Amino acid sequence: MSTTAQGHALERNRPVGPVRHVHLGLGSFFRAHQAWYTDNAPDGAEWPIAAFSGRSAALAERLTTQDGLYTLVTQRPEGNTYDVVGSLARAHAASDVEAWLAYFADPGVGVVTTTVTEAGYCRGADGGIDTERDDVAADLMALRSGDGRPTTAPGRLVAGLAHRRDAGAGPIAVVPCDNLPENGPVLRGVLLGLADAVDPPLAAWIEAEVSFVSTMVDRITPETTESDVDGVLAGTGVADVAPVVTEPFSEWVLAGEFPAGRPDWAAAGALFVDDVAPHETRKLWMLNGAHSTIAYVGSLRGHGNVAEAIADPQVRDAVDAWWSEARQGLDVAAEVVDEYCAALVERFANTAIDHRLAQIGTDGSQKLPVRVLPTLRRERAAGNMPHGAVTAGAAWVASCVRGGVACRDARADEIRDAAAGKNPVRDLLTILDPALLDDGPLVTSVVRRVEELGL
């Protein structure tokens, strides 16, 4: 390490091997989760990672100055621990298309992972690729011409896979790591739809040569702040320009084949199963559904982070109401759910973590349909009016109308127009699912709950 007046700079003291794992979505969660598992795998050094940003080049540039190294800060009420993660060998900007294609053409690369959020898969109402979107339409033209630069996650993946096919580089595993039910089949459908629209033989090659692995991922990872950077310097003497903060808990469940190999993530704590669905649903409804409830109800009550919000009895009551409904649809033993919820309360109450509600509330139009609406529909089909699910939806509506945290959204323009209209509740519910308007008692209940939340 070199020494500066501000502290030690991170730099490698030994070379890394060739890249074998490519990741799309160079952000904090990937570095606290997938990269961390590889770093802790006994053979992790044999699987160096090249990661690409979604849009901005700034983070890739910062990481490149310190050879891809960064400090992972695990935050506990009793104090922080600091670990330097070394599995990230290369950090690239999204614009580095040449590097992206070169990795896909390399037979030594066997794994591609993604963390692009629910909105990043560019799905339409039918769950397939939404070719009516301007960015997807532009990617179609770029992919057909062969000399363009696709910008969406599906477009970039299809371009990479086309390059791999043309190079004869062999099979590969694609591993989505976002909070979508059946994310492996979802991504498979999106990519096959796009590939078929570009070049039907490419879609056939993807079907034959590409494995899509389903996953459940869990680790609370707030956005890094300047105070976190200062804390690393004070705690370690390292002047890290790209640290990551996270919680002690981490979970990764995977189901699927890896035809070109993978790191021994199981030795680092990952769980390989035949069916991710029970794990996925338990986490998606109990943690992510609670997070959305906390984000919207908590922000309406003036809170800024999860620990503050969960200490508010009204927010806690909303979470408990949500849990009592969501758990009814789980194929998990009651005692397991009880233990999981107790652990979630402890995680949410961790005052060492500043997990901002504004971060959690982003892209609610994409998140609520998979986190909350399944429970809402099930309860309504049973003749119940689910208070917890109604509260989550109503709090999102109220936040949209107030211009709060819910307005950070992939459909922000539609949300603003709906919120400013004559009937904002109905118009905003339409964004979540137009079929909700067919249930008159439900709409009435949401309107009433919005009023109770103080709109």
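Residues numbered from 1 in each chain as written. Predicted model: local features only at pLDDT ≥ 70, side-chain atom pairs only at ≥ 80, totals over all residues. Heavy atoms only, no water.

## Brief notes about the overall build of the protein chain
Phase 1 of the analysis: Helices and strands together make up the secondary structure of the protein chain, namely 20 helices and 14 strands.
Phase 2 of the analysis: Taking 2.2 N^0.38 as the reference for a compact globule, 455 residues should give roughly 23 Å; the C-alpha atoms of the protein chain span a radius of gyration of 22 Å, in line with that estimate.
Phase 3 of the analysis: In the protein chain, which comprises 455 residues, the proportion classed as buried is 53%.
Phase 4 of the analysis: Here the contacts in the protein chain between residues at least 6 apart in sequence split such that 76% fall between residues at least 24 apart.
Phase 5 of the analysis: When the accessible surface of the protein chain is totalled, it reaches about 18,300 Å², and 50% of it is carbon and sulfur.
Phase 6 of the analysis: Both charge centroids of the protein chain, one from 38 positive and one from 62 negative side chains, sit 2 Å from each other. (Helix = DSSP H or I, 4+ residues; strand = E, 2+ residues; numbered from the N terminus. Rg over C-alpha atoms; globule rule 2.2 N^0.38 Å. Buried < 20%, exposed > 50% of the residue type's maximum accessible area, 1.4 Å probe, protein only. Contact = heavy atoms within 4.5 Å. Areas by Shrake-Rupley, 256 points an atom, 1.4 Å probe, with all protein chains shown as cover. Lys, Arg positive; Asp, Glu negative; His and termini not counted. Charge placed at Lys NZ, Arg CZ, Asp CG, Glu CD.)

## Quick look at the packing of aromatic side chains
Phase 1 of the analysis: With the rule as written, the count across this model stands at 9 aromatic pairs.
Phase 2 of the analysis: Relative to Trp 265, the ring of Trp 252 has its centre 4.6 Å away and its plane inclined at 45°; by these criteria the two rings are tilted. Placement of the pair is Trp 252 in strand 13 (residues 251-255) and Trp 265 in the loop between strand 13 and strand 14 (271-272), with a sequence separation of 13 residues.
Phase 3 of the analysis: Taking relative accessible area as the criterion, Trp 252 reaches 0% and is therefore assigned buried.
Phase 4 of the analysis: The class for Trp 265 is buried, based on a relative accessible area of 0%.
Phase 5 of the analysis: Joined through ring pairs, the aromatic side chains of Trp 36, Tyr 37, Trp 252, Phe 258, Trp 265 and Phe 272 make up one cluster. (Phe/Tyr/Trp six-rings, centres within 6.5 Å; stacked < 30°, edge-to-face > 60°.)

## Remarks on helix 19 (residues 424-432)
Phase 1 of the analysis: Those residues of helix 19 not exposed but buried are Pro 424, Val 425, Leu 428, Leu 429, Ile 431 and Leu 432. Mapping the buried residues of helix 19 onto a view down its axis gives an arc of 150°, with all of them on the same face.
Phase 2 of the analysis: For helix 19, the elements touching its buried residues are helix 15 (364-371), helix 16 (373-381), helix 17 (387-402), helix 18 (412-419) and helix 20 (440-452). (Arc of directions from axis to C-beta.)

## A look at the nonpolar core
Phase 1 of the analysis: If you look at the biggest cluster of nonpolar residues, it comprises 102 residues, and the most contacted ones within it are Met 286 and Trp 396.
Phase 2 of the analysis: A per-element tally of this core places helix 10 (residues 277-300) first, with 10 residues.
Phase 3 of the analysis: Once you skip the residues sitting within four places of it in the chain, Trp 396 turns out to touch Tyr 296, Gly 364, Ser 365, Leu 368, Ala 406, Ile 415, Leu 428, Ile 431 and Leu 432.
Phase 4 of the analysis: Core analysis: the second largest hydrophobic core is formed by 16 residues, Ala 32, Ala 51, Leu 63 and Ala 91 among them. (Core = buried A, V, L, I, M, F, W, Y, C linked by side-chain atoms within 4.5 Å.)

## Structural notes on the packing of helix 19 against helix 20
Phase 1 of the analysis: Here helix 19 crosses helix 20 at 115°, and the two axes come no closer than 10 Å. In terms of crossing hand, the pair formed by helix 19 and helix 20 is right-handed. Residues Val 425, Arg 426 and Leu 429 of helix 19 touch helix 20, and the partners they reach there are Val 443, Val 446, Val 447 and Val 450.
Phase 2 of the analysis: Taken together, the residues of the contact of helix 19 with helix 20 sort by class into 6 nonpolar, no polar and 1 charged. (Axes fitted to C-alpha atoms, helices over the stretch in contact; angles between N-to-C directions. Left-handed = near helix turned anticlockwise from the far one by under 90°. Nonpolar A, V, L, I, M, F, W, Y, C, P; charged D, E, K, R; others polar.)

## Thoughts on the sheet that holds strand 7 (residues 88-92)
Phase 1 of the analysis: Read across the sheet, 6 strands follow the order 7-4-3-8-9-10 without closing on themselves; strand pairing throughout is parallel. Lying at the two open borders of the sheet, with one neighbouring strand each, are strand 7 and strand 10 (210-212). For this sheet the average axis-to-axis angle between neighbouring strands, irrespective of direction, equals 20°.
Phase 2 of the analysis: Two elements, strand 3 (residues 21-24) and strand 4 (residues 49-52), share 4 bridges in a ladder whose sense is parallel. Paired with His 23 across the strands is Ala 51, a residue of strand 4.
Phase 3 of the analysis: Of the strands in this sheet, strand 9 (172-176) and strand 10 are in contact with helix 8 (residues 200-209), which crosses strand 10 at around 65°. (Pairing = 2+ DSSP bridges.)

## Quick notes on helix 17
Side chains three or four residues apart in an α-helix point the same way, a direct result of the helix having 3.6 residues per turn.
Phase 1 of the analysis: Between its first and last C-alpha, helix 17 extends 22 Å over 16 residues, near the 22 Å set by a 1.5 Å rise per residue.
Phase 2 of the analysis: Counting buried residues along helix 17, 13 of its 16 residues qualify, which places the element largely inside the surrounding structure.
Phase 3 of the analysis: Positive phi appears at Gly 403, one or two residues downstream of helix 17, with a value of about 75°. (Expected span 1.5 Å × (residues − 1).)

## Notes on the environment of Val 345
Phase 1 of the analysis: Residue position: Val 345 is located in helix 13 (residues 334-348).
Phase 2 of the analysis: Between the C-alpha atoms of Val 345 and Gly 193, which are 152 residues apart in sequence, the distance is 41 Å.
Phase 3 of the analysis: Ignoring any residue separated from it by four or fewer positions in sequence, one finds Val 345 in contact with Arg 316 and Trp 323.

## Section: the confidence of the model for the protein chain
Phase 1 of the analysis: Per-residue confidence for the protein chain gives a mean pLDDT of 95; residues scoring 70 or more make up 98%.
Phase 2 of the analysis: Segment residues 1-5 is flagged for pLDDT under 50; beyond a separation of four residues in sequence, or across chains, it makes 9 contacts in the model. (pLDDT = per-residue confidence, 0-100.)

## Some details on the pairing of strand 9
On a regular strand, one side chain projects to one face of the sheet and the next to the other, so that they alternate.
Phase 1 of the analysis: Judged by how many residues are buried, strand 9 sits mostly within the fold: 5 of 5 residues are covered.
Phase 2 of the analysis: Side chains Ile 172, Val 174 and Pro 176 of strand 9 all project onto a buried face; the interleaved residues Ala 173 and Val 175 project onto the opposite face, where all are buried too.
Phase 3 of the analysis: Direction of pairing for strand 8 (residues 111-114) relative to strand 9: parallel, over a ladder of 4 bridges. Residue Val 112 lies in a different strand from strand 9, and its bridge partner there is Val 174.
Phase 4 of the analysis: As paired strands, strand 9 and strand 10 are joined by 3 bridges and run parallel to one another. Bridging from a neighbouring strand, Val 174 pairs with Phe 212 of strand 10.

## Considering unusual backbone geometry
Phase 1 of the analysis: Its identity is not glycine, yet Cys 122 carries a phi of approximately 55°, on the positive side.
Phase 2 of the analysis: You can see Cys 122 is positioned in the loop between strand 8 and helix 5 (134-145).
Phase 3 of the analysis: Among the residues examined, Cys 122 registers a relative accessible area of 3% and is labelled buried.
Phase 4 of the analysis: Its identity as a non-glycine residue notwithstanding, Glu 182 has a phi of 50°, on the positive side.
Phase 5 of the analysis: Inspection of the secondary structure assignment puts Glu 182 in the loop between strand 9 and helix 7 (183-198).

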